[in-house]
Amino acid sequence: AFLGALAAKAPLMLLANVELLHDVVCSDAYNLRCGAISALGQLQVAVAGMLSPLPPEVAEAAETILPTILERLHDTSSFVRTRALATLAVLCEARALPVPAYLQAGSEGLARLADKNANVRRGALQLYAKLLEFNPFCAALNRPALAARREAIRAQMPDGWSTPEAGQIASPSDSCNPDRNTVTSPGASGADEVVAGCEGEDGATDGTPAAGGATSASGSAVSQALSPKVAEKQAALVLLDQALAL
């Protein structure tokens, strides 16, 4: 909190000593790394609001901000990875993400959809929503082509599937997590769904099924967990829905 407030109040002072922030980013304590990532995001917002041309020392320091944030997307702590994704989302909303960096931020964020931690996957989807909402090429999007692509993917989804909320998306590479979506056949009750297991910070799972089993007492159809390919199409549909809603 202190580093973020300092970056917002005195950005030039921190830019002149940005190497100190880079040292904090490499700290052993994950909460210090989170604070440093937030401070770097505040500095990027401040730099984006400065008039060009920037002073040489400021321009040189600013070049190291975004690569450092992107590097933390691969941090060993899920808290730091989540904070890095949230910081990139803030930069999108503040129009402080440079246009050349959109592709890299998008590709790095897509990779986090396969993260073992549910909060990181949720942060990746939130980042994609911001990239779509605030991208500088929105007016040039081919809406008919996107709509046709969405309908083609919907036609490939299994029977009984419905569009989930963004926070309930299953990871394409998940085999077991608490956010796992299921495809429920018509007539099956909520107690009939299969729970794939619980996931902690280290990605451990217990694989315990929910009480009630996979079939109802009346012998209705079985609820099935999404396969990786179906989960990937599901995530693509959510992103296409968000793009076409702009």
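Anything mentioned here points back to the structure above.
From a predicted model like this one, the values you see are computed outputs, not experimental measurements. (Residues numbered from 1 in each chain as written. Predicted model: local features only at pLDDT ≥ 70, side-chain atom pairs only at ≥ 80, totals over all residues. Heavy atoms only, no water.)

J.: Please explain the overall build of the protein as it appears in this structure.
T.: Secondary structure summary: the protein contains 11 helices and 2 strands in total. In the protein, the succession of α and β elements from N to C terminus is α-α-α-α-α-α-α-α-α-α-β-β-α. In the protein, buried positions account for 43% of the 246 residues. Within the protein, counting contacts between residues at least 6 apart in sequence, those at least 24 apart form 66% of the total. Carbon together with sulfur atoms contributes 58% to the accessible area of the protein, which is approximately 12700 Å² in total. (Helix = DSSP H or I, 4+ residues; strand = E, 2+ residues; numbered from the N terminus. Buried < 20%, exposed > 50% of the residue type's maximum accessible area, 1.4 Å probe, protein only. Contact = heavy atoms within 4.5 Å. Areas by Shrake-Rupley, 256 points an atom, 1.4 Å probe, with all protein chains shown as cover.)

J.: Please clarify how the nonpolar core should be interpreted in this entry.
T.: Leu21, Leu40, Leu43, Leu88 and Leu97 are the most contacted members of the largest nonpolar core, which has 42 residues in total. Looking at this core, the element that brings in the most residues is helix 9 (residues 118-134), giving 7 residues. Core analysis: the next-biggest nonpolar cluster, separate from the first, contains 6 residues, Ile153, Val230, Leu237 and Leu240 among them. (Core = buried A, V, L, I, M, F, W, Y, C linked by side-chain atoms within 4.5 Å.)

J.: I keep staring at the packing of aromatic side chains and nothing clicks. Help me out?
T.: Describing an aromatic ring pair means giving the distance of the ring centres and the angle of the ring planes. On inspection of all chains with the given rule, the structure shows 1 aromatic pair. With a centroid separation of 5.0 Å and 25° between ring planes, the pair formed by Tyr30 and Phe79 is classed as stacked. With Tyr30 in helix 4 (residues 30-48) and Phe79 in helix 7 (residues 78-93), the pair connects residues that are 49 residues apart, well separated along the chain. For Tyr30, a relative accessible area of 40% translates into the label partly exposed. Judged by its relative accessible area of 45%, Phe79 is partly exposed. (Phe/Tyr/Trp six-rings, centres within 6.5 Å; stacked < 30°, edge-to-face > 60°.)

J.: Sorry, what's going on with unusual backbone geometry here?
T.: Across residues other than glycine, the phi torsion is negative in most instances, and most of the peptide bonds are trans. Even without a glycine there, the phi angle at Arg95 is positive, about 55°. Mapped onto the elements, Arg95 comes out in the loop between helix 7 and helix 8 (102-111).

Purely spatial values, then, with no claim about function.
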